[in-house]
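Breakdown of the fold
Each chain is listed here by its residues.
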Amino acid sequence: MKVHSFRTITAILAWVLIVAAFYEKPELLTGAQRILQRGIEAIGDAIPPPWGPRIEFVFREIGGLIWLQITLIVLVLRIGLSAIAGLWRMTARRDRVLYRLPEE
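This text gives an overview of the structure that appears in the document. (Residues numbered from 1 in each chain as written. Predicted model: local features only at pLDDT ≥ 70, side-chain atom pairs only at ≥ 80, totals over all residues. Heavy atoms only, no water.)

Here the focus is the packing of aromatic side chains. We describe a pair of aromatic rings using the distance from one ring centre to the other and the angle between the two ring planes. Scanning the model with the defined rule gives two aromatic pairs in all. Aromatic side chains Trp 15 and Trp 67 sit 6.3 Å apart centroid to centroid with 75 degrees between the ring planes, which places their arrangement in the edge-to-face category. Taken together, the positions of Trp 15 in helix α1 (residues 2-24) and Trp 67 in helix α4 (residues 64-98) put the pair 52 residues apart, joining distant regions of the chain. Here Trp 67 falls in the exposed class, since its relative accessible area comes to 52%. Judged by centre distance (5.4 Å) and plane angle (80 degrees), the rings of Phe 22 and Tyr 23 are edge-to-face. Considered together, Phe 22 and Tyr 23 belong to a single accessibility category, that of exposed residues. In this structure, Arg 54 packs its charged tip against the face of Trp 51, placed 4.7 Å from the ring centre. (Phe/Tyr/Trp six-rings, centres within 6.5 Å; stacked < 30°, edge-to-face > 60°. Helix = DSSP H or I, 4+ residues; strand = E, 2+ residues; numbered from the N terminus. Buried < 20%, exposed > 50% of the residue type's maximum accessible area, 1.4 Å probe, protein only. Lys NZ or Arg CZ within 6 Å of the ring centre and 35° of its normal.)

Here you go:
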């Protein structure tokens, strides 16, 4: 249940961040889209034909850009939140060990 709620929350949070960026800072979304577009072009150019142009077409034309951006935002959120949770667990574990009373 924890895993599914974490996945659901990160997906909802990603959409909230996208909507907030759309209204408050649309240049962030435009910049991210341009960077992603250049990355797709670089990957397409690095792979020899006929596969390079095919891969570039799939990511660019078949809805890849918007879904790829959303996926990347979700992944970044999950990695960041997982890192925070891991640090929290390490700190809590260390506190429990440091403040444990000696056994008699």
